[in-house]
Amino acid sequence: MSDMSSTKPFVIAKRAVWEAYQQVKTNRGAAGIDEETIAMFEQDLSKNLYKLWNRMSSGSYFPPPVKQVEIPKAKGGTRKLGIPTVSDRIAQTVVKRIIEPVLDPIFHPNSYGYRPGRSAKQAIAVTRKRCWQYDWVVEFDIKAAFDQIDHGLLLKAVRSHIKERWILLYLERWLTAPFETAGGEQVPRQRGTPQGGVVSPILMNLFMHYTFDLWMNRNYPQCQFCRYADDAVVHCGSQEQAREVMQAIASRLSECGLMMHPEKSKIVYCKDSNRTQPYPHIHFTFLGFTFRPRKAISNTRRIFTSFLPGVSADALKKMRAAVRGWRLNRQTHVALAALAKLYNPIICGWWNYYGEFYPTAMLDLYMHIDRALERWARRKYKALSGRLRAGVQWLRKMKDAEPQLFHHWRLVGIKVG
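Parameters and conventions
- Residues numbered from 1 in each chain as written.
- Predicted model: local features only at pLDDT ≥ 70, side-chain atom pairs only at ≥ 80, totals over all residues.
- Heavy atoms only, no water.
- Helix = DSSP H or I, 4+ residues; strand = E, 2+ residues; numbered from the N terminus.
- Buried < 20%, exposed > 50% of the residue type's maximum accessible area, 1.4 Å probe, protein only.
- Expected span 1.5 Å × (residues − 1).
- Arc of directions from axis to C-beta.
- Contact = heavy atoms within 4.5 Å.
- Phe/Tyr/Trp six-rings, centres within 6.5 Å; stacked < 30°, edge-to-face > 60°.
- Lys NZ or Arg CZ within 6 Å of the ring centre and 35° of its normal.
- Core = buried A, V, L, I, M, F, W, Y, C linked by side-chain atoms within 4.5 Å.

Engineer: Got a minute to help me understand unusual backbone geometry in this structure?
Structural biologist: Excluding glycine, most residues fall at negative phi; most peptide bonds, likewise, are trans. Phi angles above zero are rare outside glycine, and Ala-229 is one such case at about 55°. Relative to the assigned elements, Ala-229 resides in the loop between strand E6 (225-228) and strand E7 (231-236). Residue class for Ala-229 comes out buried when judged on its relative accessible area of 3%. The phi dihedral of Arg-327 falls on the positive side, at around 50°, and the residue is not glycine. Mapping Arg-327 onto the fold places it in the loop between helix H11 (313-325) and helix H12 (336-354). Under the relative-accessibility criterion, Arg-327 is labelled partly exposed at 48%.

If you want it as structure tokens, here you go:
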């Protein structure tokens, strides 16, 4: 059968569906409401892909409900995630692969979230630099942004860039596909795009491009900002300007159907050795890093105070909880090298992200991992049992003998700043 079919109302290449499936397979992900995993989908792969292509090409593809999963937030409450089925993820990926090369080039250079070639670390680096240039920051949080996006405004933005009728049709169907709760209840959706959907991040970026990025450029071109999906900070030259900008952003978000979170939004003074006026808020958290006054060492070895990002208390708390979740005490049947092999990829991932800025802030976590290893050793070896000091000495010996064994043991002599 040829790759295209002239009898179908919509021309979609079969190769596009095949490539989308390969991308979904690489990204893995949980099963949707039908409980079908990727491995199950692959048991009759060509038939399943053909069926999906056939339905999408004929306009008869209707996305199934999205599985609603509630995950706890760091500071209480839950975040609703929407998990599409495997075949729906493939269908969404077909569309994402077509619209991303059209939409991404129009996005603002200060938008960093969910974009090819851009990362959260880049956003942190640019924000750090701007905190040295501007004295004030407006930190704001949008209340349940993914859940509150206005469908009418979003589709209007989509239509101004995307002309393919089938893409518009399916985007609208994805936006209105109901949630299905753990209890099997279907919840209709009039607003929002499910966090967890393949097309949701690019749709969020498009919505925020018009709601915030372009609006900031028009109204406050002198204020630099950095946005990562629904999370953003704005740099201002004075406290008065920061007050005005914060009020204006709140009004703008409200006009577009979004709400600035009153408890999680504030004006921050970037206090350091040269900026010393008293102000109640001198820290903010962005993408897992807390920006605040921290000790730094100049090139001439002089100690001073700089305004710098370091791993946040919430991020450390989550990582410590993950270490407790390893339950090392129950793994006394394995050797230390086996534990290193198992957990080094996780420790390495944490270091690669959080260790990029003010790495000494990570020492607390590394000490936490080492204490867990000491407890493991005291339980594994009878000679160490019940002797706290012996556990500490044992770990020191291990580090001397094999300093490369655990990823965090290799990070000796970490620089400040």
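Engineer: What's the story with helix H14 (residues 388-401) in this structure? I'm lost.
Structural biologist: Note: α-helices contain 3.6 residues per turn, so residues at a spacing of three or four share the same orientation. In this model H14 runs 20 Å from its N-terminal to its C-terminal C-alpha over 14 residues, within 8% of the 20 Å that 1.5 Å per residue would give. Inspection of H14 places Ala-390, Gly-391, Trp-394 and Leu-395 among the buried residues, and these make up the whole buried set. Projected onto a plane normal to the axis of H14, the buried residues spread over an arc of 135° and lie on a single side. Exposed and facing more than 90 degrees away from the buried side of H14 are Arg-389, Lys-397 and Asp-400. Lining the buried residues of H14 we find H12 and helix H13 (363-380).

Engineer: Explanation requested: the packing of aromatic side chains in the structure shown.
Structural biologist: The relation between two aromatic rings is expressed through the spacing of the ring centres and the mutual angle of the planes. Evaluated as defined, the whole model comprises 24 aromatic pairs. Taken together, a centroid distance of 5.2 Å and an interplanar angle of 75° make the contact between Phe-212 and Phe-225 edge-to-face. Highlighted residues: Phe-212 in helix H9 (residues 200-219) and Phe-225 in strand E6, separated in sequence by 13 residues. The residues Phe-212 and Phe-225 share a single accessibility class, namely buried. Each residue in the set Tyr-61, Trp-166, Tyr-170 and Trp-174 is aromatic and connected to the rest through ring pairs, giving one cluster. Cation over ring: Arg-118 sits above Tyr-112, and NZ or CZ is 4.8 Å from the ring centre.

Engineer: Sorry if this is basic, but what is going on with the nonpolar core here?
Structural biologist: General note: in soluble globular proteins, nonpolar side chains tend to be found buried as a group. Core analysis: the biggest nonpolar cluster contains 70 residues, and Ile-90, Phe-140, Val-234 and Ile-249 have the highest contact counts within it. In this structure Ile-90 touches Val-17, Ala-20, Tyr-21, Val-24, Phe-41, Leu-49 and Leu-52, once residues within four positions along its chain are discounted. Counting residues in each nonpolar core, the second largest holds 54 residues, with Cys-226, Leu-328, Ala-340 and Tyr-354 among its members.

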